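Chain and residue survey
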Amino acid sequence: MYYRRTLNFCEENSSTSYLCNSYLAPITDKGKCFASVDHYLAYHKAMLAGDKRLADIMLMTESVDLVKSFGRNIINHDESKWERIHFKTLRRAIYLKFIQNPDLMRKFSLTRGKRLVYANVKDSFYGNGTSPESFIMDAEDNEGFNILGYVLMDVRNDLFDE
């Protein structure tokens, strides 16, 4: 799909931060409550590695930074296993975030027709590897993959029949 307009989003911008994985928006799945998409991902990453104790700690931790730190230090983490379920897990978390939080769903609906780009100079996987100020309109000229932006657009297509 071709988008005529682009919406750069990042944690530092209060009007777009709700699109970020770190945004605190409760997600409930299979009886468990997660404070954010980052919590959801880290929990599932720990469970995949068989570290139920750490996964349970993540459920009780509100700090996104602490949960991210735990997620980077999971014992017995197997990256090849995680890669097989990572995108499906991310997509489910984002989908649940919006269908379970009506105010966010309304805001998300306003992004229709826009290319979503996670502008994060420190993250060239989820983001485009640039700051919002240095973002280049031609995606091929940016440094990162913008995975979060693409998954958000995919979920948005399903939710709003784009």
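Residues numbered from 1 in each chain as written. Predicted model: local features only at pLDDT ≥ 70, side-chain atom pairs only at ≥ 80, totals over all residues. Heavy atoms only, no water.

**Describing the state of the cysteines**
Scanning the model with the defined rule gives 0 disulfides in all. The closest cysteine sulfur to the non-disulfide-bonded Cys10 is located on Cys20, 6.5 Å from its own sulfur. Its sulfur unpaired, Cys33 is 20 Å from the next cysteine sulfur, which belongs to Cys20. (Disulfide = S-S within 2.5 Å.)

**What to know about the pattern of salt bridges**
Following the criterion strictly, the structure yields 6 salt bridges and no others. One salt bridge in this structure joins Lys68 and Asp38, with 3.7 Å as the shortest N-O distance. Of this pair, Lys68 sits in helix H3 (residues 64–72) while Asp38 sits in helix H1 (residues 37–48), placing them 30 residues apart in sequence. The exposure class assigned to Lys68 is partly exposed, which follows from its relative accessible area of 30%. Using a relative accessible area of 10% as the deciding quantity, one classes Asp38 as buried. With a closest N to O distance of 2.2 Å, Asp103 and Arg106 form a salt bridge. On the criterion of helical spacing, the pair formed by Asp103 and Arg106 is a turn pair, its members being 3 residues apart in helix H5 (residues 102–109). Within the structure, one salt-bridge network assembled from shared partners comprises Arg91, Asp154 and Asp158. (Salt bridge = Lys/Arg side-chain N within 4 Å of Asp/Glu carboxyl O. Helix = DSSP H or I, 4+ residues; strand = E, 2+ residues; numbered from the N terminus. Buried < 20%, exposed > 50% of the residue type's maximum accessible area, 1.4 Å probe, protein only.)

**Concerning H1**
Here H1 spans 17 Å end to end across 12 residues, near enough to the 16 Å set by a 1.5 Å rise per residue. Buried residues of H1: Val37, Asp38, His39, Tyr40, Leu41, Ala42, Tyr43, Lys45 and Ala46, and no others. On its buried face, H1 is in contact with strand S2 (27–29), strand S3 (32–34), helix H2 (52–60), H3 and helix H4 (79–99). Near the N-terminus of H1, the side chain that reaches the backbone nitrogen of Asp38, with its oxygen 3.2 Å away, is that of Ser36. Immediately downstream of H1, the backbone of Gly50 shows phi near 80 degrees, a positive value. (Expected span 1.5 Å × (residues − 1). Contact = heavy atoms within 4.5 Å. Polar contact = N/O pair within 3.5 Å; in protein donor to acceptor, adjacent residues only side chain to side chain.)

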